[in-house]
Amino acid sequence: MPSPLDKTYDSSVVEKKWSAHWAEHQLFQPRQTENPGSFCIVIPPPNVTGSLHIGHALNNTLQDILVRWKRMQGIQTLWIPGTDHAGIATQNVVERQLKEEGLSREDLGRKAFIDRVWKWRHQSGDTIIGQLKQLGASCDWDRLRFTMDEGLSLAVRKVFVQLYEEGLIYRGERLINWCPRCLTALSDIEVEHEDIKGTLYHIRYALVDAPNTFLTVATTRPETLLGDMAVAVHPEDPRYQQYIGKQLKLPLTTRTIPIVADPILVDREFGTGAVKITPAHDFNDFEAGERHGLKPLTILDFKARMDGSGLRTAMVDQSLLDSLDLKSVQAARPLVIEALQEQDLLIKEEDHPMALGKCYRCKTVVEPYLSPQWFVKTAPLAAPAIEAVETGDIRIIPDGWKNNYLGWMRQIKDWCISRQIWWGHQIPAWYCRSCNKDHLGETETTTGETRESQDTAPSLMSCFISPNAQPIVSETDLTTCPKCGGSDLFQDPDVLDTWFSSSLWPFSTLGWPEQTQDFKTFYPNATLVTGLDILFFWVARMVMMGIKLTGQIPFRDVYIHALVRDAEGQKMSKSKGNVIDPLTKMSQYGTDALRFTMASMASPGRDMKLAEERIEGYRNFVTKIWNAARFIQLYEDGPKTDTPLASRPFPDQWIFSRLNHAIRAVTKALHDYRFDQATSHLYQFIWHEYCDWYIELAKPSLQQDNHPDAATTRQTLLESFEIIQRLLHPVMPFITEEIWQSFPHEGVSIMTQPFPTEREAWTNAQAEQRFSLLQSVVSTTRTGRALLNIPANQALSMFATTTQNDDAASLKHLQPHIESIMRSAMTLAPTTDWPSDRILQLVSGNLTIGIPVEPNLDLQLVVKKVKKQIEAKEKECTRLQERVASPKFREKAELSVIQESEERVTSLRQELTLLTSSEQQIATMLRS
RNA sequence: GGGCGGAUAGCUCAGUUGGCAGAGCACUGCCUUUACACGGCAGAUGUCGCAGGUUCGAUCCCUGUUCCGCCUACCA
């Protein structure tokens, strides 16, 4: 029911009201329409532990704009919401809670711990879902998914088994990135690199045969030399050629190691040209070790501490071994340095910039760690994923990120997917104890739930399952061994990388692997909207998995938006205290204002700096719209008429022409994912054309009794404003619904009304031309008023004329509109007919305006301004004249450009003549 | 080390198939005119990072350069 609008817009009341209304009428559900095709977006699932931050606000606002727009266009539209279990992140949060109770996850055991995480997930897990609803996100909430719900878990298992059977998933012992705090393997991209100032230590290694001859190696990690298995030199390096094959005495130990030649590892120019090889603790060295048949010797344990048994194997001097045992890397380094110095083996230390790898979840320094893990063989999956983007089957928008994607994809490495944590999809692989007698560690028991002391690496059980053990991979839980029929089996304790399940998201959420109706209708998805930060983590892997498993690309467009930073360009973080909380801003300025801000800042390919003033500015815009609605409502009552547009008065024709232009511009911008341009057109049109000019032009016919145009004006106002609401709705869903519902309407909600479409018949060049003439007259006159200090409310008797015949006719037509807007009487007559004294002439193109000058006005200021104007015009005129006179210009420039310049010179000269005569007039007035 | 992006008004940013440099905010002045002071009107503000080149003409194209971001990388 239509109802009068309140004086002020109360966003919180309005938002709650319409959110409930939309939910009640189930308007977010996909609806079959007569239009072919479908439009489906899957949400980038926020971490279930999370709460809405500004990045989510941006990401989901953009998605919602697209979804609401497509829905209004009458396309069957679905936006699937969901959350991610976020393995490591969530586990860390719950472990922190436990710690506050003085407990560890090992105290609880695996099952109880997982129960605890589930409990917590149920308690607070959907906080962010509520917040997304508050943002207005029009997801089909009935289809809410979670990466660990039953259907998705089944999909995960099925995929794992399929890829394993095809040889695309394998288990093997490799050097992987290890977080010694999270106690789990990480994939390469889960390591963040930080530049630090390191030190390069030059250390002497003595030759066994000639104890007074030394090779000097350079290293940034002296403590790892205890695990050295060789020293490499370049085979063509004359300094060292004669030593290749000889043995070195490894400092601080009783071991000897060989000197090997390796052209790959060694850069002759760097350091001393001799490199120590520590296969167990460096990725390059691991590969070099494989080339030379060197066995890795692990001297660091799973917590990145010096490992006593490893050190014994390394034959480290006993006294040093005792002092190093269980020391952290940081603590061990000075001890090793000291020991080297005592033996006069450290000859130089120099500053050396280097990059340190850190865990992306907890920022702990990661260590290369040798352990058996599960991997996805990526090369066969990457090839079609590269092709899809190269051929344009998948579009990446903006285009600039395409190379980023392709570059990464082309040199992709195998993906380590096993994590030694408990929260996640446990790997569907079982081991039979009797078949694998020799391949299972002794310390481990069957269930992985046994309580163990902190130092026996309880969560590392997989490390005790030798790489030679035979896993049985199965979609369903196994209780008997298919080989020996035994029943002593246990499941691999590792869980899968969180991103493994997210890589299935575009189809697992649609019911895949079942061929559901949803899957058939909505796959491939239309668009994926995401931030750049997860291009590799998520987008790349969805493309690989999507193509592999469904045989189709997962989505057609990938729209990548920027990261939100604060006004200074800093990344927002709680520790910096520069976080702008979207929820606070929503309650402060209204959700529509925040949404509009987000969209307006979404220029392609840049980071966006969010200044709070912008939200405030767009809140003002919301208020402006509100007040325009109230104005229209004031005059809503009264007769209307269906007069065709062509027969309506000039302002009506003009505003429809502009409205058509706005519809075209906004639609194109949305189509091009230019949310910034869409909002800018909306802002410009609504505020500076509709409110500033159309409403002002409409006032006389509404406010004067019995005005002949009253009925058509009312009609136009209502019609155009209703269209504007629909045009604005995808960006500002709440206020547009409130306004739309408050006016006479049909239908249950604006969100299921059609999005405005262009009507060529509305475009009216004549009306637009007339308008710009009107605008010139009004603006020029206002400038004159300001110049002459005539207050806006003081009536004026002014003169106008134009040298152009068309304009002269238009001027006559426009006279009543101009007079009412200016609150002035306008005399149309050539300047020669104007009173000769005390008239200020103002020029704008062909147009000349005359304004009477008050007798006692201080004209000095006016003279100054007119002079300034003359100066500027002269400068421009001179420049243009020079250009036009230049023979080269005449010869080479395009004809239209030459003509344009010439015309402009002519009109500038004309203006200058008039301005000069004005100046003289004023001078005369001053003298009199 | 490699790659990408940015540098335009005090601030945040648009922009140009190369031909009068724009918006919002902030600022100055006037105005409480019955939608709106979260408003209206008028105004001021720029060596378009720096240096070369191409061109009749460069903020835009090319080359180099300096800062600032980001991504990426196994030089110990």
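Just so we're clear, the structure is a prediction, and the values are computed from it rather than from any experiment.

Trainee: Would you explain the overall build of chain A in this entry?
Mentor: What chain A contains, in helices and strands, is 29 helices and 29 strands. Computed over the C-alpha atoms, the radius of gyration of chain A is 38 Å, more than 25% above the 30 Å expected from 2.2 N^0.38 for a compact globule of 928 residues. Within chain A, buried positions represent 55% of all 928 residues. Put simply, 78% of the contacts in chain A that link residues at least 6 apart link residues at least 24 apart. Accessible area of chain A: about 40,800 Å², with a carbon and sulfur share of 49%. Between the averaged position of the 99 positive side-chain charges in chain A and that of its 116 negative side-chain charges there is a distance of 2 Å.

Trainee: Quick question: what am I supposed to make of helix α8 (residues 283–292) here?
Mentor: Spacing of three or four residues puts side chains on the same side of an α-helix, whose turn is 3.6 residues. For α8, every residue scored as buried is listed here: D285, F286, A288 and G289. Taken down its axis, α8 places every buried residue within 165° of arc, on the same side. N-capping of α8 is provided by D282, with a side-chain oxygen placed 2.8 Å from the backbone N of N284. Downstream of α8 by one or two residues, G293 has phi in the positive range, about 65°.

Trainee: Whenever I open this one, the side chain of S720 confuses me. Can you help?
Mentor: Its location among the elements puts S720 in helix α23 (residues 710–728). Dropping the residues within four chain positions of it, S720 is found in contact with F656, L659 and Y690.

Trainee: Just checking my understanding: could you explain the packing of helix α13 (residues 401–410) against helix α17 (residues 535–550) for this structure?
Mentor: A pair of packed helices is captured by two measures, namely the crossing angle of their axes and the spacing between those axes. Contact pair α13 / α17: the axes reach a minimum separation of 11 Å and the direction vectors enclose 75°. The pairing of α13 with α17 is recorded here as roughly perpendicular in orientation. On the side of α13, the interface is formed by W401, N404, Y405, W408 and M409, while α17 contributes L535, F536, A540, V543 and M544. A breakdown of the residues in the contact of α13 with α17 according to their chemical character gives nine nonpolar, one polar and no charged.

Trainee: What's the story with the pairing of strand β26 (residues 796–802) in this structure? I'm lost.
Mentor: Residues in a regular strand point their side chains to alternate faces of the sheet. For β26, the tally of buried residues reaches six of seven residues, placing the bulk of the element in the interior. Here β26 runs beside strand β27 (residues 824–828); their pairing, made up of five bridges, is parallel. Its bridge partner being in β27, A800 is matched across the sheet by L828. Pairing between β26 and strand β29 (residues 847–852): four bridges, direction antiparallel. Looking at β29, one finds that F799 is bridged to G850.

Trainee: Is there a simple way to think about the pairing of strand β7 (residues 191–207) in this case?
Mentor: Sheet topology note: the β7/strand β13 (residues 346–359) ladder contains 13 bridges and is antiparallel. When the sheet's bridge partners are listed, Y201 is paired in β13 with E349. The sheet contact formed by β7 and strand β8 (residues 214–219) spans six bridges and is antiparallel. Along β8, the bridge assignment pairs H202 with A218. Linking two consecutive strands that pair antiparallel, namely β7 and β8, is a turn of six residues. Across two bridges, β7 lies against strand β10 (residues 247–249) in antiparallel orientation. The residue bridging A206 from the neighbouring strand is K249, located in β10.

Trainee: Explain unusual backbone geometry to me, please; I cannot follow it from the model alone.
Mentor: Among all residues save glycine, negative phi is the norm, and among peptide bonds the norm is trans. The omega torsion across I397 and P398 is -5°, close enough to zero to call that bond cis. One non-glycine residue, L252, lies in the positive phi region at around 70°. Within the secondary structure, L252 is located in the loop between β10 and β11 (256–261).

Trainee: In this structure, what is going on with the packing of helix α25 (residues 765–787) against helix α26 (residues 805–822)? I would like to understand it.
Mentor: At a minimum axis separation of 9 Å, α25 and α26 run at an interaxial angle of 50°. One finds that α25 runs oblique with respect to α26. Crossing handedness for the pair α25 and α26: right-handed. Within the contact between the two elements, α25 uses R770, L773, L774, V777, V778, T781, R782 and R785 and α26 uses D807, S810, L811, H813, L814, H817, I818, I821 and M822. Of the residues contributing to the contact of α25 with α26, the split by class is nine nonpolar, four polar and four charged.

Trainee: Which parts of the structure should I look at to understand the side chain of T184?
Mentor: By the secondary structure assignment, T184 is in strand β6 (residues 184–186). Looking at T184, its side chain comes within polar contact range of the main-chain nitrogen of Q420, at 2.7 Å. Dropping the residues within four chain positions of it, T184 is found in contact with I88, N177, W178, C179, R419, Q420 and I421.

Cut-offs and rules
- Residues numbered from 1 in each chain as written.
- Chains lettered and ligands numbered in written order.
- Predicted model: local features only at pLDDT ≥ 70, side-chain atom pairs only at ≥ 80, totals over all residues.
- Heavy atoms only, no water.
- Helix = DSSP H or I, 4+ residues; strand = E, 2+ residues; numbered from the N terminus.
- Rg over C-alpha atoms; globule rule 2.2 N^0.38 Å.
- Buried < 20%, exposed > 50% of the residue type's maximum accessible area, 1.4 Å probe, protein only.
- Contact = heavy atoms within 4.5 Å.
- Areas by Shrake-Rupley, 256 points an atom, 1.4 Å probe, with all protein chains shown as cover.
- Lys, Arg positive; Asp, Glu negative; His and termini not counted.
- Charge placed at Lys NZ, Arg CZ, Asp CG, Glu CD.
- Arc of directions from axis to C-beta.
- Polar contact = N/O pair within 3.5 Å; in protein donor to acceptor, adjacent residues only side chain to side chain.
- Axes fitted to C-alpha atoms, helices over the stretch in contact; angles between N-to-C directions.
- Parallel < 35°, antiparallel > 145°, perpendicular 65-115°, else oblique.
- Nonpolar A, V, L, I, M, F, W, Y, C, P; charged D, E, K, R; others polar.
- Pairing = 2+ DSSP bridges.
- Left-handed = near helix turned anticlockwise from the far one by under 90°.

Purely geometric stuff here, so don't read any function into it on its own.
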